[in-house]
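What the coordinates show
For reference, the chains in residue letters:
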Amino acid sequence: MSQRMPDRTNPPDNRPIGVFDSGIGGLTVVRALRCALPNEDICYLGDTARVPYGSKSVDSIIRFAGEDAAFLVEKGVKALIVACNTASAVAMDSLRKHFPALPVMGVIEAGIEAVMRTGAERITVIGTRATVSSDAYRRGLHERRPSLLIESIPCPLFVPLAEEGQFEGKLAEEAFDLYLSHLRRSPPEVLLLGCTHYPLFRQALERYFE
Ligand code: DGL
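Let me sum up the structure you'll find in this document. Throughout, a residue's number is its position along its own chain's written sequence, starting from 1. The predicted nature of this model means local features are confined to residues of pLDDT at least 70 and side-chain atom pairs, given and counted, to a pLDDT of 80 or more, with totals for whole chains, interfaces and linings taken over all residues. Based on all heavy atoms of the structure, the side-chain values leave hydrogens and waters out of the count.

Examining the sheet that holds strand E2 (residues 42-46)
- By the convention used here, strands pair only if DSSP detects at least 2 bridges between them. The helix count covers DSSP runs of H or I at least four residues long, the strand count covers runs of E at least two residues long, and both are numbered beginning at the N terminus. What the 4 strands build is an open sheet, ordered E2-E1-E3-E4; its pairing is parallel. The strands lining the two open edges of the sheet, one partner per strand, are E2 and strand E4 (104-105).
- With 4 bridges joining them, strand E1 (residues 17-21) and strand E3 (residues 79-82) adopt parallel strand pairing. Looking at E3, one finds that Ile17 is bridged to Ala79.
- Contacts were defined at the residue level, with two residues in contact if any of their heavy atoms lie within 4.5 Å. A fitted line through C-alpha atoms serves as each axis, taken over the contacting stretch for helices, and the angle formed by two N-to-C directions is quoted from 0 to 180°. Where helix H1 (residues 27-36) meets the sheet, its contacts fall on E1, E2 and E3, and the angle it forms with E2 comes to roughly 170°.
- Helix H2 (residues 58-74) contacts E1, E2 and E3 of the sheet and is inclined by roughly 150° relative to E1.

Dropping the structure here:
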């Protein structure tokens, strides 16, 4: 009779995964992580004291991201997920340099891959001022397919609206009008929500473009 021996080669690593954002936006990433990795513990930091990040200087965003990461490392996380496009766009090199022992993952690559899978040619990227100024999405998309037609639009009011729970209704629609009304005449094939707060507007945005 054979007896199964306990596997001692790969003891489970029960430490949590650290996830951070400037506020509640990163919880949209936590929701996806929970589905993909239901057995993992997640330690989430939303830096609501300093939200929004996207209208701050690059130096400030790099400093905030470093402090957020240090807070989570202090809690004993085994990996860091930067659930913030703004920090992913400008702070990844600095984070990887300061935390060389940890896997550090951002969200920009995943967004680019998701768009490439659609096969679309006309793409509008919306994000914070810092994400749009970084050009990270446009560069990444054009590296994969130079023929893509890409428009990038900063939508700085979306984050404070999301933090206030204004995902739909009059205020949200006024913000949509301010930044996106020209797209109603000829909507892009894909609207890339390049900020983790923006999926909270998804239903209202779908209605806006119906
Ligand atoms: N949710 C973040 C992002 O994905 C940060 C938004 C902000 O604080 O401006 O960009």
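Describing the site of the ligand
- Nearness here has a simple test: a residue counts as near a molecule or strand if at least one of its heavy atoms is within 4 Å of that partner. Taken together, 14 residues lie around the ligand, and Ser22, Tyr53, Asn85, Thr86 and His197 are the ones closest in.
- Contacts to the ligand include Asp21, whose side-chain N or O atom sits 3.0 Å from a nitrogen atom.
- Taking Thr196, its main chain carries an N or O atom lying 2.8 Å from an oxygen atom of the ligand.
- To be clear on the numbers: accessible area is Shrake-Rupley with a 1.4 Å probe, and residue cover counts the displayed protein chains and nothing else. When the free accessible area of the ligand is taken as 300 Å², the share hidden by the protein chains comes to 99%. Here a polar contact means two N or O atoms within 3.5 Å. Within protein one must be a hydrogen donor candidate and the other an acceptor candidate, and residues neighboring in sequence count only if both atoms are side-chain atoms.

Quick word on the sheet that holds strand E5 (residues 122-127)
- As summarised here, the arrangement of the 3 strands in space is E6-E5-E7, forming an open sheet in which the pairing is parallel. Each edge of the open sheet is held by one strand with a lone partner, namely strand E6 (149-154) and strand E7 (190-194). Geometrically, the sheet is characterised by an average inter-axis angle of 20° between neighbouring strands, direction not taken into account.
- As judged from the 6 bridges shared by E5 and E6, these two strands associate in the parallel manner. Across the sheet, the residue bridging to Ile123 is Ile150, located in E6.
- Helix H9 (residues 170-185) rests against E5, E6 and E7 of the sheet, and its axis sits at about 155° to E6.

Examining the pattern of salt bridges
- Salt-bridge detection follows one rule: a side-chain nitrogen of Lys or Arg within 4 Å of a carboxyl oxygen of Asp or Glu. Applying the stated criterion across every chain yields a total of 13 salt bridges.
- Across the pair Glu174 and Lys170 runs a salt bridge, and its minimum N-O distance is 3.1 Å. One end of the pair is Glu174 and the other is Lys170, both in helix H9 and 4 residues apart, which spans about a single turn.
- The cut-offs for exposure are 20% and 50% of the maximum accessible area for each residue type, with area from a 1.4 Å probe on protein chains only; residues under the lower value are buried, those over the upper are exposed, and the others partly exposed. A relative accessible area of 64% means that Lys170 is categorised as exposed.
- Residues joined in a network through salt bridges with shared partners are Asp47, Arg50, Arg63, Glu67 and Asp68.

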